[in-house]
Amino acid sequence: LESDSSALVLSLLAVESGGQYPNSDRLFVSKVGGTILCTLLKFPPEKCKHLMKSMKCLKTNEVMQMTEDYLGIRVLEAFLDSTAESKLKQPLIRSLKGNFGSIAKVTHCSFFLEKCFREAEMDLKEVIVEDMIGSKSAILQTYRGPGLFRT
């Protein structure tokens, strides 16, 4: 596996299918793979350097597909909750620029958004707020929408 790619994370996510994706452009999040990733992300970063770098290298479409999956979003939250350096988390958060409004409309993503905001550098916090304000009326119609704008 290349050190600057998301291949490690993607292979673990698809562990139940032999580490290979089914013939589709859709990301496959297996229960076993997602659980393994959530557990590994609790380890000290120096014990799983390659995993942390692989998380940093996830592409926007891969992260967006993970936000649509209940277990995929838990993996992303586990990464943001980890003790990994901020410089590893910023590229993942930055990759979502322009998508925070659509993420906010997904009910199970509210904790993820809060964690993104907590971990983001100041310029990224502004991006998150701007994206959400652009979709404010649609977000407010969701179950968790009003709470997102209170925090």
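Coordinates for the structure precede this section.
Definitions and cut-offs
Residues numbered from 1 in each chain as written. Predicted model: local features only at pLDDT ≥ 70, side-chain atom pairs only at ≥ 80, totals over all residues. Heavy atoms only, no water. Helix = DSSP H or I, 4+ residues; strand = E, 2+ residues; numbered from the N terminus. Rg over C-alpha atoms; globule rule 2.2 N^0.38 Å. Polar contact = N/O pair within 3.5 Å; in protein donor to acceptor, adjacent residues only side chain to side chain. Contact = heavy atoms within 4.5 Å. Buried < 20%, exposed > 50% of the residue type's maximum accessible area, 1.4 Å probe, protein only. Core = buried A, V, L, I, M, F, W, Y, C linked by side-chain atoms within 4.5 Å. 1 Å grid on protein atoms, 1.4 Å probe; cavity = no way out; pocket = protein on both sides within 12 Å on 5 of 7 lines; lining within 4 Å. Points joined across faces, edges and corners; volume = space filled by probe spheres on them.

Engineer: Account for the overall build of the protein chain, with residues named and values stated.
Structural biologist: On a plain count of helices and strands, the protein chain comes out with eleven helices and zero strands. For the protein chain, the N- to C-terminal ordering of α and β elements is α-α-α-α-α-α-α-α-α-α-α. Its C-alpha atoms give the protein chain a radius of gyration of 15 Å, near enough to 15 Å, the size a compact globule of 151 residues would have. Each principal axis of the C-alpha distribution contributes one length, and for the protein chain these read about 45 × 30 × 20 Å.

Engineer: Break down the side chain of Ser6 for me, with residues and values.
Structural biologist: Tracing the sequence through the fold places Ser6 in the segment before α1 (7–13). Side-chain polar atoms of Ser6 contact the side chain of Glu62, separated by 3.1 Å. If we skip the residues at most four places from it in the chain, Ser6 touches Ser54, Cys57, Leu58, Lys59 and Glu62.

Engineer: Go over the side chain of Gln90 with me, naming the residues and quoting the values.
Structural biologist: If you trace the backbone, Gln90 turns up in helix α6 (residues 86–94). Given the relative accessible area of 5%, Gln90 is considered buried. In this structure Gln90 touches Glu119, Ala120, Glu121 and Leu124, once residues within four positions along its chain are discounted.

Engineer: Give a detailed account of the nonpolar core, specifying residues and quantitative values.
Structural biologist: Grouped together as the largest cluster of nonpolar side chains are 42 residues, with contacts concentrated most on Leu13, Leu58, Leu76, Phe79 and Phe100. Dropping the residues within four chain positions of it, Leu58 is found in contact with Ser6, Val9, Leu10, Val63, Met66, Leu76 and Leu92.

Engineer: I'd like to hear about the layout of surface pockets, residue by residue, with values.
Structural biologist: Considered as a void within the structure, the second largest pocket measures approximately 160 Å³ in volume. Forming the boundary of the second largest pocket are Pro45, Glu46, Lys49, Met52, Lys53, Glu85, Lys87 and Leu88. The greatest single-element share of the lining of the second largest pocket, amounting to three residues, is contributed by helix α3 (residues 49–56).

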